Amino acid sequence: QGQLLAKSWSSLFEGQSGAALRGPIYSFNGRNVLTDPLWPHRLAWHGSTPRGGHARRWDCQGWRSSSMAEGMASALGEGRLLAGHRHNCSTP
């Protein structure tokens, strides 16, 4: 049972920034990434434009730890999956 995050898969990406996310989001080890202190940045990395296209210059592809590359990620607390901003690819 769990909670509904979105009405449909396509609704996550409709409109300018996608659907508002609902409910908690859990990591694979069962931690709520929206409240757990081990997830200080609470980002969803996606490498997409706000309309769902590939943000070629901002996708962290080919990233190396010494790189200053940036990728598109959305703050999960904002409630919009694709309303991303550039973040350094080294951000944990």
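Parameters at a glance
Residues numbered from 1 in each chain as written. Predicted model: local features only at pLDDT ≥ 70, side-chain atom pairs only at ≥ 80, totals over all residues. Heavy atoms only, no water. Disulfide = S-S within 2.5 Å. Helix = DSSP H or I, 4+ residues; strand = E, 2+ residues; numbered from the N terminus. Buried < 20%, exposed > 50% of the residue type's maximum accessible area, 1.4 Å probe, protein only. Pairing = 2+ DSSP bridges. Axes fitted to C-alpha atoms, helices over the stretch in contact; angles between N-to-C directions. Salt bridge = Lys/Arg side-chain N within 4 Å of Asp/Glu carboxyl O.

Going by what an unreviewed UniProt entry lists, the chain is known as COFA1 protein and is assigned to Grantiella picta.

Right, let's talk about the state of the cysteines for a bit. By the definition in use, this model includes one disulfide. Each sulfur of the disulfide joining Cys-60 and Cys-89 lies 1.9 Å from the other. Residues Cys-60 and Cys-89 are joined through a disulfide that is left-handed, its torsion about the S-S bond being -95°. Placement of Cys-60 in the loop between strand S1 (43–45) and strand S2 (70–75) and of Cys-89 in the segment after strand S3 (85–88) is noted, with a sequence separation of 29 residues between them. The exposure class assigned to Cys-60 is partly exposed, which follows from its relative accessible area of 22%.

Right, let's get into the sheet that holds S3. What the three strands build is an open sheet, ordered S1-S2-S3; its pairing is antiparallel. The open sheet has two free edges, formed respectively by S1 and S3, since each of these has just one partner strand. Direction aside, neighbouring strands of the sheet carry axes that sit 55° apart on average. Inspection of the sheet shows S1 paired to S2 by three bridges, in the antiparallel sense. What sits directly across from Ala-44, in S2, is Ser-74.

Applying the stated criterion across every chain, the model contains two salt bridges. A salt bridge links Glu-70 to Arg-86, with the shortest nitrogen-to-oxygen separation between them at 3.2 Å. Linking Glu-70 in strand S2 with Arg-86 in strand S3, this pair joins segments that are 16 residues apart in sequence.

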